[in-house]
Structure formats: structure tokens, C-alpha cells
Amino acid sequence: MTTASGAVSGPAGEGARPIRAAGCVLWRPAASGGGLEIALVGRPKYGDWSHPKGKLKRGESFRAAAVRETVEETGMTCALGPRLPTVHYVVDGRPKEVRYWAAEATGGGFIPNREVDRLLWLPPEAARARVTQERDRGLVDALLEALRGAGAVG
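Note that the coordinates shown come from a computational prediction; the quantities given were computed from them, not determined experimentally. (Residues numbered from 1 in each chain as written. Predicted model: local features only at pLDDT ≥ 70, side-chain atom pairs only at ≥ 80, totals over all residues. Heavy atoms only, no water.)

What follows concerns the pattern of salt bridges. All chains considered together, the criterion is met by nine salt bridges. Put simply, Asp 141 and Arg 128 hold a salt bridge, and the shortest N to O gap is 2.6 Å. Here Arg 128 lies in helix α2 (residues 124-130) and Asp 141 lies in helix α3 (residues 134-149), a separation of 13 residues in the sequence. You can call Arg 128 partly exposed: its relative accessible area is 22%. The partner of Glu 134 in a salt bridge is Arg 137, and the shortest N-O contact between them spans 3.0 Å. Separated by three residues within a single helix, Glu 134 and Arg 137 lie in helix α3, roughly one turn from each other. Among the charged side chains, a network of salt bridges with common partners joins Glu 60, Arg 68, Glu 69 and Glu 72. (Salt bridge = Lys/Arg side-chain N within 4 Å of Asp/Glu carboxyl O. Helix = DSSP H or I, 4+ residues; strand = E, 2+ residues; numbered from the N terminus. Buried < 20%, exposed > 50% of the residue type's maximum accessible area, 1.4 Å probe, protein only.)

Following this line, the structure appears as C-alpha cells:
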């Protein structure tokens, strides 16, 4: 349960303030001209594939953090679109809240670094299958639903 102060009560994260993070489900029109592709980042520290995301800096808004983390992890600039579901989970006994946005890639280029050494652009079905965490699969579906609602995909 979340208290008015934002602390979480209960066994996991007893009284701990949640870790606040933000990210994007980054997409672009498919090079083939039909459909779209979703960016996934490979993080060597965790050996996983996920959507770009990261912790908020002091005084930073969730939206600003989502854009900053996407640029840092993918090298791509983006235009934020609709809000997607917020994901909640526990990391090292602390609750974590990650707010996501749909984001269309608008430019840039990937340069491997210590935090993210791989970037893949995949069709939605392949991205859904490639992400490591189950919680990330639902974000692919949420992106497609949001884009259909906005008339961006058929």
C-alpha cells in the first residue's frame, strides 16, 4: 500500500520511499515501409533486453527523465507521445515505480557504452518475445493500442 508521503508499507519496502524512474517505448516506422519497429536496449550489467529507462535526477520531472534516459541509452532523440502504463516492482527490497511514454524516434544514432552495449530495432512481435522481463511485454501491447487510438498505426 502506498501512503500519502509516497512511502510503501507492507513486507516489501516497509516504509521505504519508492525509487522513481521513467522511460519510453521507443518506436519508428519500419524501414520496409509497413508497420513499425521498437527499440530494445541490451544492458551487459544485467544481461537483459529492455525498454530504455532510468532513475529521476533530483528535481527532474518524469517526462524529462524519460527523454533524457532514452537519449542516453539509445542515442536517439524522440518526440513523446501518449502515456503508457506505470510499472511497479521491487528492487533490492525497495519498491520501484517506472512511468513510461510512447516515443517516436526523431533522429540520432546509437553508440555502445558501459551501460548499454546493444540496440535492436524489432517488429512488435519480435520485441515482445525478446524482452527479458514479463512486465515489459505488456508495454509493447500498450504502445500498439495507444498508437492505434491516435491513428498512427492501422
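What follows is about the layout of surface pockets. Reported here for the largest pocket is a volume of approximately 620 Å³. Around the largest pocket, the lining comprises 22 residues; the ones closest to its centre are Arg 43, Tyr 46, Lys 55, Lys 96 and Glu 115. Going through the elements one at a time, β3 (48-50), β4 (53-55), α1 (62-74), β6 (87-91), β7 (94-108) and α3 are the ones with two or more residues in the lining of the largest pocket. Taken together, the residues of the lining of the largest pocket sort by class into five nonpolar, three polar and 14 charged. Its volume calculated, the second largest pocket comes out at about 220 Å³. In this structure, the second largest pocket is lined by 13 residues; those nearest its centre are Arg 17, Pro 18, Ile 19, Arg 20 and Arg 94. Counting only elements with at least two residues in the lining of the second largest pocket, the list comes to β1 (19-29) and β7. With three residues, the top contributor of residues to the lining of the second largest pocket is β7. Broken down by class, the residue content of the lining of the second largest pocket amounts to four nonpolar, one polar and eight charged. (1 Å grid on protein atoms, 1.4 Å probe; cavity = no way out; pocket = protein on both sides within 12 Å on 5 of 7 lines; lining within 4 Å. Points joined across faces, edges and corners; volume = space filled by probe spheres on them. Nonpolar A, V, L, I, M, F, W, Y, C, P; charged D, E, K, R; others polar.)

Looking now at the side chain of Glu 69. With respect to the secondary-structure elements, Glu 69 resides in helix α1. Residue Glu 69 is classed as buried on the basis of its relative accessible area of 6%. Look past the residues within four positions of Glu 69 in its chain and what remains in contact with it is Ala 22, Pro 52, Lys 53, Gly 54 and Lys 55. (Contact = heavy atoms within 4.5 Å.)

Here the focus is unusual backbone geometry. Within the chain, Asp 92 stands out as a residue other than glycine whose phi angle is a positive 50°. Taking relative accessible area as the criterion, Asp 92 reaches 78% and is therefore assigned exposed.

As paired strands, β6 and β7 are joined by five bridges and run antiparallel to one another. Counted as the bridge partner of Val 91 is Arg 94 from β7. Count of turn residues in the β6/β7 antiparallel hairpin: two residues, of which Asp 92 carries a positive phi of about 50°. (Pairing = 2+ DSSP bridges.)

Once that is clear, we can look at the nonpolar core. Core analysis: the biggest nonpolar cluster contains 23 residues, and Val 25, Ile 38, Leu 84, Tyr 100 and Leu 143 have the highest contact counts within it. Where this core is concerned, the elements lending two or more residues are β1, β2 (36-43), β6, β7 and α3. Broken down by element, the residue count for this core peaks at seven residues, all from α3. Once residues within four sequence positions are removed from consideration, Leu 143 is found in contact with Val 25, Trp 27, Ile 38, Leu 84 and Ala 102. Of all hydrophobic cores here, the second largest spans 17 residues; its members include Leu 56, Met 76, Cys 78 and Trp 101. (Core = buried A, V, L, I, M, F, W, Y, C linked by side-chain atoms within 4.5 Å.)

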